[in-house]
Amino acid sequence: MDQPDNSARDNRPIDKALNAAVGSETPRPASTTSGLLAPSTDRPRILVVANQKGGVGKTTTAINLGTALAAVGERVLIVDLDPQGNASTGLGITRAERKVSAYDVLIGAALIEDAVVPTKVPGLDIVPSTMDLLGAELELASVPRRSHRLRDALARMPRHGKKREISEAEAAMTMRPYSYLLIDCPPSLNLLTINAMTAADAILVPLQCEFFALEGLSQLLRTVERVKTSLNPRLEIQGIVLTMFDQRNKLSDQVANDVRTHLGDKVYRTVIPRNVRISEAPSYGKPALVYDHRCAGSKAYMKLAAEMIQRERALRRSAA
């Protein structure tokens with residue numbers, strides 16, 4: 001990727017926002033080594049689900065991909081970093097159950113394992129969000145390592161999560177460590193998103209099959225490069241997921257073809273179609289895979305999970 005002129009770059013709104021979020025923290029030199037985890041890793045694979053454009057299916061992808069991964073035997077933790085808390089709501093976590101949230105973790109008032117809430121999906125837990133996250137950026141403005149708050153919290157978390165009183169049936173599941181950790185980000189470039197990217201191994205990008213989504217993607221790729229240079233040398237693009245694909249719309253095909261032409265194998269073969277059942281599911285506090293596992297959207301997310309696992313295995317083999 002060509003590097004833009006520094007003077008022009010610093011005048012772009014997106015780069016001003018990134019500079020404000022990163023602040024004066026000491027930059028880290030870009031690493032020449034791969035950010036892939038070794039096969040013998042003792043921690044979960046951390047993927048941030050992000051796109052600076054809103055309405056592209058980030059939260060829908062996070063909760064349904066997490067559900068699909070849990071359905072095939074993986075143990076998954078979702079961290080809801082969006083102040084709107086849609087991932088928490090979409091998994092049926094009530095406001096009363098969010099006594100400890102991602103906000104408490106970021107400001108250092110609680111350990112992340114104390115914020116974990118089990119969902120109704122076996123093998124899938126969540127760190128819920130509250131509107132308090134709106135004030136986190138202001139509260140952390142003068143705190144050291146403010147861009148590393150989530151990364152530091154995750155580094156201290158026991159891999160099995162917090163011990164809790166559960167039934168024997170659940171015990172077998174919680175004895176297994178988390179294999180995937182998905183971070184759902186707000187649709188903006190702020191300190192929350194920077195924290196997520198700093199903590200992650202790779203970024204999964206849901207991309208709506210519409211024209212303006214392409215512009216947002218180019219901005220996101222620039223942001224990833226700058227975070228990789230300044231804060232997290234291991235950060236990589238794990239993949240691009242095409243969402244809201246409409247077979248009746250020629251524009252969807254055009255956008256998909258353009259993205260595949262420019263990004264090649266980074267784009268998943270599986271596409272997520274527009275599907276009314278996916279839209280309905282959050283109002284019932286359920287992932288689409290639980291609400292209607294036979295709908296086209298649910299089947300697509302199951303295929304996406306299978307493709308992701310295959311891709312992760314290939315990455316690990318190449319890193320070995």
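Above this note sits the structure.
## Quick look at the overall build of the protein
A tally of regular secondary structure across the protein gives 15 helices and eight strands. Looking at the protein residue by residue over its 320 residues, the buried ones come to 52%. A sequence separation of at least 24 residues applies to 79% of the contacts in the protein between residues at least 6 apart. Working note: accessible area of the protein is about 14900 Å², and carbon and sulfur atoms make up 53% of it.

## Notes on helix 15 (residues 296–319)
Helical geometry note: an α-helix holds 3.6 residues per turn, so side chains three or four residues apart project in the same direction. In this model helix 15 runs 34 Å from its N-terminal to its C-terminal C-alpha over 24 residues, within 8% of the 34 Å that 1.5 Å per residue would give. When we look at burial in helix 15, the residues that qualify are Gly297, Ser298, Ala300, Tyr301, Leu304, Ala305, Glu307, Met308, Ile309, Arg311 and Glu312.

## Describing the sheet that holds strand 4 (residues 124–127)
Taken in spatial order, the eight strands line up as 3-4-2-5-1-6-7-8 in an open sheet, and their pairing is mixed. Each edge of the open sheet carries a strand with a single partner, namely strand 3 (117–118) and strand 8 (267–273). As judged from the three bridges shared by strand 7 (residues 236–245) and strand 8, these two strands associate in the parallel manner. Considered in strand 8, the bridge of Leu242 is made with Val271.

## Overview of the pattern of salt bridges
Inspection of every chain in the model, using the stated rule, returns nine salt bridges. Note that Arg234 and Asp201 form a salt bridge whose closest N and O atoms lie 2.8 Å from each other. One end of the pair, Arg234, is in the loop between helix 11 (211–230) and strand 7; the other, Asp201, is in the loop between helix 10 (191–199) and strand 6 (202–208), with 33 residues separating them in the sequence. Residue Arg234 shares its accessibility class with Asp201, and that shared class is buried. With a shortest N-O distance of 3.9 Å, Glu307 and Arg269 are connected by a salt bridge. A residue pair is termed long-range when its members are at least 10 positions apart, and Glu307 in helix 15 and Arg269 in strand 8 qualify at 38 residues.

## Describing the packing of aromatic side chains
Per the stated rule, a full pass over the model turns up one aromatic pair. Ring geometry for Tyr284 against Tyr291: centres 5.0 Å apart, planes inclined by 25 degrees, an arrangement best described as stacked. Judged by relative accessible area, Tyr284 falls into the exposed class, the value being 53%. Against the face of Tyr178 rests Arg75, its NZ or CZ located 4.1 Å from the ring centre. For the cation-ring pair, Arg311 lies above Tyr268, with the distance from its terminal atom to the ring centre recorded as 3.9 Å.

## Description of the pairing of strand 7
In terms of residue burial, strand 7 counts as a mostly covered element, since eight of its ten residues are buried. As defined by bridge partners, strand 6 adjoins strand 7 across seven bridges and the pair is classed as parallel. Bridging across to strand 7, Val205 finds its partner in Ile240. Once you follow strand 7 into helix 12 (residues 250–263) and on to strand 8, the crossover reads as right-handed.

## Thoughts on the nonpolar core
Leu150, Ile183 and Ile203 are the most contacted members of the largest nonpolar core, which totals 53 residues. Contacts of Ile203, omitting those with residues within four sequence positions, involve Val48, Ala50, Met197, Leu220, Val224, Leu235, Glu236, Ile237, Gln238 and Gly239. Among the nonpolar cores identified, the runner-up in size contains 35 residues, and Val49, Ala62, Leu304 and Met308 belong to it.

## Some words on the packing of helix 8 (residues 149–156) against helix 10
For the pair helix 8 and helix 10, interaxial distance at closest approach is 7 Å and the crossing angle is 45 degrees. Comparing the axis directions of helix 8 and helix 10 gives the class oblique. Counting all contacts with helix 8, which are made through Arg149, Leu150, Arg151 and Leu154, the residues of helix 10 involved are Asn195, Ala196, Thr198 and Ala199. For the contact of helix 8 with helix 10, a count of residues per class yields four nonpolar, two polar and two charged.

## Topic: unusual backbone geometry
Here Arg145, not a glycine, exhibits a phi torsion of approximately 55 degrees, which is positive. Locating Arg145 in the fold gives a position in the loop between helix 7 (136–139) and helix 8. Residue Arg145 is classed as partly exposed on the basis of its relative accessible area, which comes to 39%. One non-glycine residue, Met244, adopts positive backbone phi at about 55 degrees. Structurally, the position occupied by Met244 is in strand 7. The class for Met244 is partly exposed, based on a relative accessible area of 23%.

## Examining the environment of Val267
Its place among the elements puts Val267 in strand 8. A residue is classified by how much of its surface remains accessible, and Val267, at 4% relative accessible area, is buried. Separated by 61 residues in sequence, Val267 and Pro206 place their C-alpha atoms 10.0 Å apart. Not counting the four nearest positions on each side in its chain, Val267 is found in contact with Ile240, Leu242, Val259, Arg260 and Arg311.

Calculation notes
- Residues numbered from 1 in each chain as written.
- Predicted model: local features only at pLDDT ≥ 70, side-chain atom pairs only at ≥ 80, totals over all residues.
- Heavy atoms only, no water.
- Helix = DSSP H or I, 4+ residues; strand = E, 2+ residues; numbered from the N terminus.
- Buried < 20%, exposed > 50% of the residue type's maximum accessible area, 1.4 Å probe, protein only.
- Contact = heavy atoms within 4.5 Å.
- Areas by Shrake-Rupley, 256 points an atom, 1.4 Å probe, with all protein chains shown as cover.
- Expected span 1.5 Å × (residues − 1).
- Pairing = 2+ DSSP bridges.
- Salt bridge = Lys/Arg side-chain N within 4 Å of Asp/Glu carboxyl O.
- Phe/Tyr/Trp six-rings, centres within 6.5 Å; stacked < 30°, edge-to-face > 60°.
- Lys NZ or Arg CZ within 6 Å of the ring centre and 35° of its normal.
- Right-handed = clockwise from strand over helix to strand, strands pointing away.
- Core = buried A, V, L, I, M, F, W, Y, C linked by side-chain atoms within 4.5 Å.
- Axes fitted to C-alpha atoms, helices over the stretch in contact; angles between N-to-C directions.
- Parallel < 35°, antiparallel > 145°, perpendicular 65-115°, else oblique.
- Nonpolar A, V, L, I, M, F, W, Y, C, P; charged D, E, K, R; others polar.

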